[in-house]
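# Structure assessment
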Amino acid sequence: MLSPPRRWIRDQSPGSVTSCVRRGLCSRRHSLWILLILLVVCIAIQTFVARQARNDKLTGLPHLRSVNKQHLFPTVLNVWESIQSLTAKTDVKSPQTDRTADVHQQNEGYRKQLDYILSKHVDNLAIDSQTEARKASAGKPLLPKHGASLGLQVPLALNSTRKSFISDTPNPPSLLKAHINSVPTKETCHPKSHIVFLKTHKTASSTILNILYRYGESRNLTFALPLNKHSQLFYPFSFASHFVEGVSSRSLREFHIMCNHMRFRKYEVAKVMPRDTFYFSILRNPVAMMESIFIYYRSIPAFHKTHSLDNFLDNSWKNYNSSVTNNHYAHNILAFDFGFDNNVAPGADDLEERTSMAIAAIERDFHLILISEYFDESMILLKHVLCWSLEDIVSFKLNSRSEKSRHPLLPETAEKIKRWNALDWRIYLHFNTSFWLKVDSLVGQEQMKREVSQLRELQTKLANSCLKDGGAVDPSKIKDVGLKPFQYGAAVIQGYNLNPDLDTQTKIKCQRLITPELQYTARLYTQQFPELAAKHKQETKGVSPRRQRSDRTGMTGRAWARDAHYRQMMRRKFSNLKNQRALTSALLPHTDANNNTSLP
């Protein structure tokens, strides 16, 4: 029997056409009609919204914002072009393949392709907005106000190589979600409670740790605290998950906040913390930081035989031996804390490459990098990103030196430090610039000024209410021994006295604000692990207080390792642990809960 002419098919009833659609046998002409209708609908919506925006602008309503046509539906034409290209590609297929293709498979393929198109255009918009932010921030002073006295220049952004950028860019389908979730709104902003703070040295990190401690304690959150009441996560060893109390014993199933000193290693941290954890850290100008480190860690071998910082810098490679314990404090300490090799010669051929790799890794692993010289601005930015309140991020300076132990540096000395710590310097320049780009995009300059002013007013109000002397005092004037910070090296670390006439609730609040780091860590450990804390207290009765206090810096680790009594005690403590790395790390100095010390 002869088949009917093709024109008969065109004259058939709508029911047969519907059947055709169901079998996936529609011709390309039907698909083009559908696409044309969708395009007309998109254009109509765009025209309506644009007209509505113009009307709102003319009426002068202050609470309505005009709509940028370029950014409203930026993908209409681009999506149409992409769909045309996709249609052209599908035309290459044979008619027989088109007739037999499964409708569900086609829908899945089109969904993935459209996801890629949309994410591609959203990514282009993000790059364009970042370029505009750079233009807006051009000429902004990026260094601290006292930078001129250190002989510093205005830093320029150090861009990562194109290769490193491409290698660290997420797959296209994840880009759309990343851009949508990057800037929380009032409707989507929920306080974050899964947090990792990489505590760097001499960067005002003790103050941030106090903020995290207070936030977590007031909400009964769980901290990833060091094993066996240590004050640090076995720094300077690279972090391992079993360094956290409760991981090996599985006594805790979920941790909310990790913020003690450690040498960062992302994949080990990820074993402890949830997948939605927010990672951030803080940097300080390497010039000012080197002066602080030289005063505080004066007894390390690299500094021990030098009479001044200039003398060390003039003979740095003679005085510095990277294989000697604790000498890492003297060279590119920021890079070391982030887990990178800090032994980079200033004129090394691979300096720029290693800098780009370090910057790319930090940008991949951390959501936010703060700047110590702009501490108040950093706290406001952190407040917005974490969706916290102003009361959550207010603080007093902790572990801060008195002015008499600070030494101004000559411009020549500053240049020597930048050459010696070349890797740290370049990392700092890059993230100093990116910090202000985030301020412009997430907060805005005017809003930042208002909120910084509000933060300082709240801080002044709390100081007048909580502090007896209205501010920090030298350690010799601190009345409560339990609130006295640890004194080490030539630095004079200040503390606070509470007002005597405070009600119970106010006293608790004020005392949390000024509790030094080690005392606060010990209290949280006792709250989370009361039985282990009692056992630890019993075991440390035979250890002298001097030995317990000295371990916070690790300066006497070798002498302690030679002490047979100490080794025997630590072996008993770790007899139930099979991991040899934990046993080796335990032979290093640890911190007891009852001493009156504080971390840098």
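Residues numbered from 1 in each chain as written. Predicted model: local features only at pLDDT ≥ 70, side-chain atom pairs only at ≥ 80, totals over all residues. Heavy atoms only, no water.

Residues annotated in UniProt with the feature "transmembrane region" (unreviewed entry) correspond here to residues 32–49. Within the segment residues 32–49, helix and strand shares are 100% and 0% respectively, and the terminal C-alpha atoms sit 26 Å apart. (UniProt positions renumbered as here; feature names shortened; annotations may be inferred. Helix = DSSP H or I, 4+ residues; strand = E, 2+ residues; numbered from the N terminus.)

Attention shifts here to helix α21 (residues 422–443). Helix length check: α21, at 22 residues, gives a terminal C-alpha distance of 31 Å against a target of 32 Å (1.5 Å per residue), a fit within 8%. Along α21, 17 of the 22 residues are buried, which leaves the element largely enclosed by surrounding structure. Gly444 sits one or two positions beyond α21 and adopts a positive phi of about 100 degrees. (Expected span 1.5 Å × (residues − 1). Buried < 20%, exposed > 50% of the residue type's maximum accessible area, 1.4 Å probe, protein only.)

The next point concerns the nonpolar core. Judged by nonpolar contacts, the single largest core of 123 residues is most densely connected at Met258 and Phe280. The greatest single-element share of this core, amounting to 11 residues, is contributed by α21. Excluding anything up to four places from it in sequence, Met258 contacts Ile195, Val196, Phe197, Ala224, Leu233, Phe239, Val244, Val269, Val272 and Met273. (Core = buried A, V, L, I, M, F, W, Y, C linked by side-chain atoms within 4.5 Å. Contact = heavy atoms within 4.5 Å.)

What follows concerns the pairing of strand β3 (residues 278–283). For β3, a buried count of 6 out of 6 residues is recorded, marking the element as mostly surrounded by other parts of the structure. Every second residue of β3 is oriented toward a common face, with Phe278, Phe280 and Ile282 on one face and Tyr279, Ser281 and Leu283 on the other, all of them buried. Bridge count between strand β1 (residues 195–198) and β3: 4 bridges; the pairing is parallel. Looking across to β3, one finds that Leu198 is bridged to Ser281. (Pairing = 2+ DSSP bridges.)

Here we come to the packing of helix α24 (residues 517–528) against helix α25 (residues 530–539). Orientation of α24 relative to α25, taken along the N-to-C sense of each, is 120 degrees, at an axis distance of 5 Å. Judged by the inter-axis angle, α24 sits oblique to α25. Listed contacts from α25 to Tyr525, Thr526, Gln527 and Gln528 of α24 are Pro530, Leu532 and Ala533. Partitioned by chemical class, the residues of the contact of α24 with α25 number 4 nonpolar, 3 polar and no charged. (Axes fitted to C-alpha atoms, helices over the stretch in contact; angles between N-to-C directions. Parallel < 35°, antiparallel > 145°, perpendicular 65-115°, else oblique. Nonpolar A, V, L, I, M, F, W, Y, C, P; charged D, E, K, R; others polar.)

Attention now moves to the pattern of salt bridges. Considering all chains together, one arrives at 18 salt bridges under this definition. Close ionic contact of Glu217 with Arg512 constitutes a salt bridge, the shortest N to O distance being 3.3 Å. Of this pair, Glu217 sits in helix α10 (residues 205–218) while Arg512 sits in helix α23 (residues 504–514), and the two are 295 residues apart along the sequence. For Arg512, a relative accessible area of 25% gives the class partly exposed. Taking the shortest distance from any N to any O, the salt bridge between Lys404 and Asp474 comes out at 3.3 Å. Here Lys404, found in the loop between α19 (390–393) and α20 (411–420), pairs with Asp474, found in the loop between α22 (445–466) and α23; they are 70 residues apart in sequence, far enough to count as distant. Residue classification places Lys404 among the exposed positions, given a relative accessible area of 60%. Of the residues examined, Asp474 reaches a relative accessible area of 19% and is grouped as buried. (Salt bridge = Lys/Arg side-chain N within 4 Å of Asp/Glu carboxyl O.)

Bringing the sheet that holds strand β4 (residues 368–371) into the picture now. In any sheet, the strands associate via hydrogen bonds between backbone groups, in a parallel or an antiparallel arrangement. Taken together, the 4 strands give an open sheet; going across it, the order is β2-β1-β3-β4, and neighbouring strands pair in parallel fashion. On the outer flanks of this sheet lie β2 (257–258) and β4, each paired with one strand and no other. Along the sheet face, α21 touches β3 and β4 and points at about 100 degrees away from the line of β4.

The next point concerns the packing of aromatic side chains. Scanning the model with the defined rule gives 26 aromatic pairs in all. Considering the side-chain rings of Phe234 and Phe243, the 4.6 Å spacing of their centres and the 50 degrees angle between planes classify their relative orientation as tilted. In this pair, the class of Phe234 matches that of Phe243, namely buried. Residues Phe264 and Phe366 carry aromatic rings whose centres are separated by 4.7 Å and whose planes lie at 45 degrees to one another, so their mutual orientation is tilted. Here Phe366 lies in the loop between α17 (351–365) and β4 and Phe264 lies in the loop between β2 and α11 (266–272), a separation of 102 residues in the sequence. For Phe264, a relative accessible area of 6% translates into the label buried. Using a relative accessible area of 6% as the deciding quantity, one classes Phe366 as buried. Joined through ring pairs, the aromatic side chains of Phe294, Phe303, Phe312, Trp317, Tyr320 and Trp420 make up one cluster. Sitting over the face of the ring of Tyr296, Lys202 holds its NZ or CZ atom 3.8 Å from the ring centroid. Looking at Arg263, its charged tip hangs above the ring of Phe336, at a distance of 3.8 Å from the centre. (Phe/Tyr/Trp six-rings, centres within 6.5 Å; stacked < 30°, edge-to-face > 60°. Lys NZ or Arg CZ within 6 Å of the ring centre and 35° of its normal.)

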